[in-house]
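Read off the chains here:
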Amino acid sequence: MSRFWAKGIWALVALVRTVAYLGLEARQVEVQCQVASGLPRFAIVGLPDKAVSESRERVQAALSAMGLALPPKRITINLSPADLPKDGSHYDLPIALALLAAMGVTDAEQLGDWIAVGELALDGRVVATPGVLIAALHASTSDAGLICPADQGSEARWASGIPVLAPRDLSSLLAHLKGSQTLPEPVRGDVEAAPAVTDLKQVKGQETAKRALEIAAAGGHNLLMIGPPGSGKSMMASCLAGILPELTPSEALEVSMVQSVAGMLTSGRISRTRPFRAPHHSASMAALTGGGLKVRPGEVSLAHLGVLFLDELPEFQRAVLDSLRQPLETGQVDVARANAHVSFPARVQLIAAMNPCRCGHAGELGHVCARGERCKTEYQARLSGPLLDRIDLHVEVAAVSAMDLTLPPPAEGSETVARRVANARSMAADRGIRSNAELDGDLLQTHAAPDPEGRELMQRAAEKLRLSARSYTRMLRVARTIADLSGKAEVGRIHIAEALSYRQTIGRK
C-alpha cells in the first residue's frame, strides 16, 4: 500500500492481483484502490462490463454484513490495464480485498503474494465463478498463490505446487490473513468414474456400419452415417464412448480447462472419459462454435478431444454447418468480435447421422417416393461439398428388419473392439501423434505411403472419383488406420480398397 499527498489531499492506494479470461488464456489484471479526501463516491473504471460495474453494490453489502461501513471519502477502483475489457463477477473478491487494504483492515503487502477470484454474495459469502482452474494455472506460472471460493478449492488444487486459500466467506478469509484462524487446506477433486454407455452387443446386424465405427474410433476419423429412421445410427454413435481410449492426464487437463471456463466443473471433479456432445439441430452458430456477448466456448470446443455428434445433419442451418469447416481442419476456433479476439481448442471427431432423403426411405426395397429422385437430391444438397470433403468415412446404414431383431446378440461387444482400438492408438502414439487423423506432411509420407499396387489403385480412384487433395490425404490416413487394425506395417492394396469403399459422393454431380 502506498500513501501520497497531492494538492492538500491525502490518498491511500492498495493493489490486489486478479485475472481476465480470454479464451483459455488468463491475463493478469491489477486491481488498484484509491481512498482519497473528497465528496463520497464509489467508482469502478478500466472498461468494466455491467457485472463488474454492479460489483460495488455487492461489495458494499458484503462489508455491511461484516459490520464495516465504507469511509465517507472518494473511492476509486481502477482495473489495469485499462484498455483490456473486463467481464464477469469474479472481480468482486479482489475489489473487496483492495478496498479493505486501502481502509487498513488487512495487510496490503501480504495480499501481494496472491491472485484472487470470486463473486461476493450480499451476506459476505464467496460464491463460485467460472474459470478457477485457468486462474490457478496462471498463478502457478506467476509464482503466486490463489484465493478462490471454497466450492472451487478442489478445482484449483489440480494446479499443483501453489498455495490455495478457499474461504467460504469474506470474514473467514480476513481472519486467516490476520492469523486468528486457519482455513482448511483444500484437497484435489476426484476423478469421475466412466458413465455407463451403450454396448455394441445391443446393435443387431449393421456389420458394415460397426466396422466403419471401429475404424473411426481407431484413427480419430470423421464419420457420416446415412440411413432410414430407426436403423440404429444414433445408437451406434452412443456406443462410441465405450470403445474410445481414456484421456491421458494431460488431455484430461486440457478438457477440464475448457469446462472450467464454461463453468461446468462441479466440486473440482474431472473425467478421463472423452467428451460426447450432441447439440440439437436448432443450435445457432454461436452455440456451436462459440461466441456471445462474453465469448464462451461452443459445442465444438466443449467436445475437444472427444466426439461431436450431429444427428439429423441436413436439418442444421447451412451457415452453421459451414462454420465447422475451419475448426475441423485446424483443431481450433477463432472467435473474432469488435472488442475481443479469442481462440478455443476444437480438436474433435465429428460423427454425423442423416436420413437419405426428406421422407427418409429412399433406396428401401418396395418404397416409391411421390417426388422421385428429386426428394433425395434436394435433401442431400443441403450439405456443402467442402464440409463433406472433411468427412473421411461415409457409410450407408440399412433398415433393420424384423428378422434382424430376432437374432441373438453378437458375440463381439464394445470391450473387444475397444482393445483393438487401443492397440491402433498406441501405434499412432509411437509415431508421435494422438491418432492417425493427425498424420500430415513428412509423417504421412513416411507412415501411410502405400505399396506399388496400393498406389496404382489410389491414383486410378482419385481420377475416377475426382478426389480433391484433401480427400486423397484423408483416404491415406484411413488406409493407415485399417492397416493398423490388421497389424500390418505397410499400407497395401486391400487397405486402400476398403478405405475407398467408405468414400461416397453425395452432394456431387
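This report concerns the structure included in the present document. Because the structure is a prediction, the values reported are computed rather than measured. (Residues numbered from 1 in each chain as written. Predicted model: local features only at pLDDT ≥ 70, side-chain atom pairs only at ≥ 80, totals over all residues. Heavy atoms only, no water.)

### Looking at the nonpolar core
Thinking step 1. Leu 93, Leu 97, Leu 146, Leu 170, Leu 173 and Leu 310 are the most contacted members of the largest nonpolar core, which totals 101 residues.
Thinking step 2. Among the elements that take part in this core, helix α3 (residues 92–102) stands out by supplying 9 residues, more than any other.
Thinking step 3. Sequence-distant contacts of Leu 310, defined by excluding residues within four places in its chain, comprise Pro 279, Leu 288, Phe 316, Leu 321, Leu 324, Leu 350, Ile 351, Ala 352 and Ala 353.
Thinking step 4. Judged by nonpolar contacts, the second largest core, of 49 residues, contains Leu 223, Met 225, Leu 393 and Leu 444. (Core = buried A, V, L, I, M, F, W, Y, C linked by side-chain atoms within 4.5 Å. Buried < 20%, exposed > 50% of the residue type's maximum accessible area, 1.4 Å probe, protein only. Helix = DSSP H or I, 4+ residues; strand = E, 2+ residues; numbered from the N terminus. Contact = heavy atoms within 4.5 Å.)

### Some thoughts on the pairing of strand β18 (residues 349–354)
Thinking step 1. The buried count for β18 comes to 6 of 6 residues, which makes it a mostly enclosed element.
Thinking step 2. Where burial is concerned, the two faces of β18 agree: the one with Gln 349, Ile 351 and Ala 353 and the one with Leu 350, Ala 352 and Met 354 are both buried.
Thinking step 3. Inspection of the sheet shows strand β12 (residues 223–226) paired to β18 by 4 bridges, in the parallel sense. Bridge assignment links Leu 224 to a residue of β18, and that residue is Ala 352.
Thinking step 4. Bridging between strand β15 (residues 307–310) and β18 involves 4 bridges; their strand directions are parallel. Within β18, the residue paired with Leu 308 across the bridge is Leu 350. (Pairing = 2+ DSSP bridges.)

### Focus: the sheet that holds strand β14 (residues 276–277)
Thinking step 1. Reading across from one edge, β14-β15-β18-β12-β19 is the order of the 5 strands in this open sheet, with parallel pairing throughout. Only two strands of the sheet have a single partner each, and these edge strands are β14 and β19 (393–396).

### Looking at the side chain of Ser 301
Thinking step 1. Mapped onto the fold, Ser 301 is located in helix α12 (residues 299–302).
Thinking step 2. Using a relative accessible area of 1% as the deciding quantity, one classes Ser 301 as buried.
Thinking step 3. Beyond its immediate chain neighbours, meaning those up to four positions away, Ser 301 contacts Val 258, Val 333, Phe 344, Pro 345 and Ala 346.

### Structural notes on the pattern of salt bridges
Thinking step 1. Following the criterion strictly, the structure yields 32 salt bridges and no others.
Thinking step 2. Among the ionic pairs, Lys 210 bridges to Glu 207, the shortest N-O distance being 3.4 Å. Of the two residues, Lys 210 and Glu 207 are both situated in helix α8 (residues 207–219); the distance of 3 residues between them amounts to about one turn of the helix.
Thinking step 3. A relative accessible area of 11% places Lys 210 in the buried class.
Thinking step 4. A relative accessible area of 52% means that Glu 207 is categorised as exposed. (Salt bridge = Lys/Arg side-chain N within 4 Å of Asp/Glu carboxyl O.)

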